[in-house]
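The primary structure of each chain is shown beneath.
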Amino acid sequence: MKWKSMKTFKEFSTSKQLYHPELSSNDYEVVADETLDSLTEFFEDLPERLRCDEEYDTSYGSGVLTVKISNKWGTYVINKQTPNKQVWLSSPKSGPKRYDFMEGTWIYKHDGKTLHQVLTEEISEAMGTEIDCTKCAYGKQDTS
C-alpha cells in the first residue's frame, strides 16, 4: 500500500502556525521517491508531447532529478534532502527553494506555493505553452 493512500497524515492550524505530525523516515522516503519518479516520467515524456529545444535533457539518479530546458533558459535540479525530510529545488528562474511535505504535497513555507505549481508556471513560460505538473504524484494539496 502506498503511503499517499493512507489517511494517517493530518494537519491542523492554530493562529498563524501550521502544525503537522512528524513524517517518519520511511514515509518520507516513499513520498519523496514517488514524487521524483513521477516528475521524472513527466519530464522524460515531455518531448513526445511538445516541441522542445534540441538541448532539452533529463536525468535522474540517486535522488536527484535534473531537467535542462535549454542553454538559454537553464537547468532545474530537484533533489531529496533526507536529513531535513525535504525536497529542494534549484530553479534558473526563481532560485533555490526548500519544500516540506504538508497537506499532501510539497509546500514552500515562505510563499505557500507547491513545488508542482512553481514547476508548472516556470516551465510553461520556458516552453511557451501550458504544461501541468500538478497531475504528477503529490501534485495537489489534500483538501479533505
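Bear in mind that the values here come from a model prediction, so they are computed numbers and not experimental data.

Student: Help me get a handle on the packing of aromatic side chains, residues and values and all.
Tutor: As enumerated under the stated definition, the model contains five aromatic pairs in all. Between tyrosine 28 and tryptophan 106, the ring centres sit 6.2 Å apart and the planes meet at 90°, which makes this aromatic pair edge-to-face. One end of the pair, tyrosine 28, is in helix H1 (residues 25–49); the other, tryptophan 106, is in strand E8 (residues 105–107), with 78 residues separating them in the sequence. The class of tyrosine 28 is buried, set by a relative accessible area of 1%. Its relative accessible area of 0% is what places tryptophan 106 among the buried residues. Seen in terms of ring centroids, phenylalanine 101 and tyrosine 138 are 5.5 Å apart; in terms of plane orientation they differ by 80°. Their pairing is edge-to-face. Of this pair, phenylalanine 101 sits in strand E7 (residues 95–102) while tyrosine 138 sits in the segment after helix H2 (115–127), placing them 37 residues apart in sequence. In terms of burial, phenylalanine 101 and tyrosine 138 fall into one category: buried. By way of ring pairs, the aromatic residues Tyr28, Phe101, Trp106 and Tyr138 are connected into one cluster.

Student: Give a description of the pairing of E7 that names residues and reports values.
Tutor: Every regular strand shows the same layout, with side chains that alternate between the two sheet faces. Where burial is concerned, most of E7 is hidden: six out of the eight residues are buried. In the sheet, strand E6 (residues 86–91) pairs with E7 via six bridges, with the strands oriented antiparallel. Paired with glutamine 86 across the strands is aspartate 100, a residue of E7. The hairpin turn running from E6 into E7, its antiparallel successor, is three residues long. As judged from the three bridges shared by E7 and E8, these two strands associate in the antiparallel manner. The residue of E8 that forms the bridge with phenylalanine 101 is tryptophan 106. Adjacent in sequence and paired antiparallel, E7 and E8 are bridged by two residues, among which glutamate 103 carries a positive phi angle near 55°.

Student: Explain the nonpolar core to me, using residue names and the numbers behind them.
Tutor: Leu39, Phe43, Ile78, Trp106, Leu115 and Leu119 are the most contacted members of the largest nonpolar core, which has 30 residues in total. Counting residues per element, this core draws most heavily on H1, at eight residues. Every residue in contact with leucine 39, bar those within four places of it in the chain, is listed here: Leu65, Ile78, Leu115, His116, Leu119, Cys133 and Cys136.

Student: If you had to explain the pairing of strand E5 (residues 74–81) to someone new, which residues and values would you point to?
Tutor: The buried fraction of E5 amounts to six of the eight residues, a majority that puts the element mostly inside the structure. In terms of strand pairing, strand E4 (residues 64–70) meets E5 through six bridges, oriented antiparallel. Looking at the pairing, leucine 65 lines up with isoleucine 78 of E5. The hairpin formed by E4 and E5 contains three residues between the paired strands. Bridge count for E5 against E6 is five bridges, and the pairing is antiparallel. Each bridged residue has a counterpart across the sheet, and for isoleucine 78 the counterpart in E6 is leucine 89. Counting the residues that bridge the hairpin from E5 to E6 gives four residues, and of these lysine 85 lies at a positive phi of roughly 55°.

The rules behind each value
Residues numbered from 1 in each chain as written. Predicted model: local features only at pLDDT ≥ 70, side-chain atom pairs only at ≥ 80, totals over all residues. Heavy atoms only, no water. Phe/Tyr/Trp six-rings, centres within 6.5 Å; stacked < 30°, edge-to-face > 60°. Helix = DSSP H or I, 4+ residues; strand = E, 2+ residues; numbered from the N terminus. Buried < 20%, exposed > 50% of the residue type's maximum accessible area, 1.4 Å probe, protein only. Pairing = 2+ DSSP bridges. Core = buried A, V, L, I, M, F, W, Y, C linked by side-chain atoms within 4.5 Å. Contact = heavy atoms within 4.5 Å.

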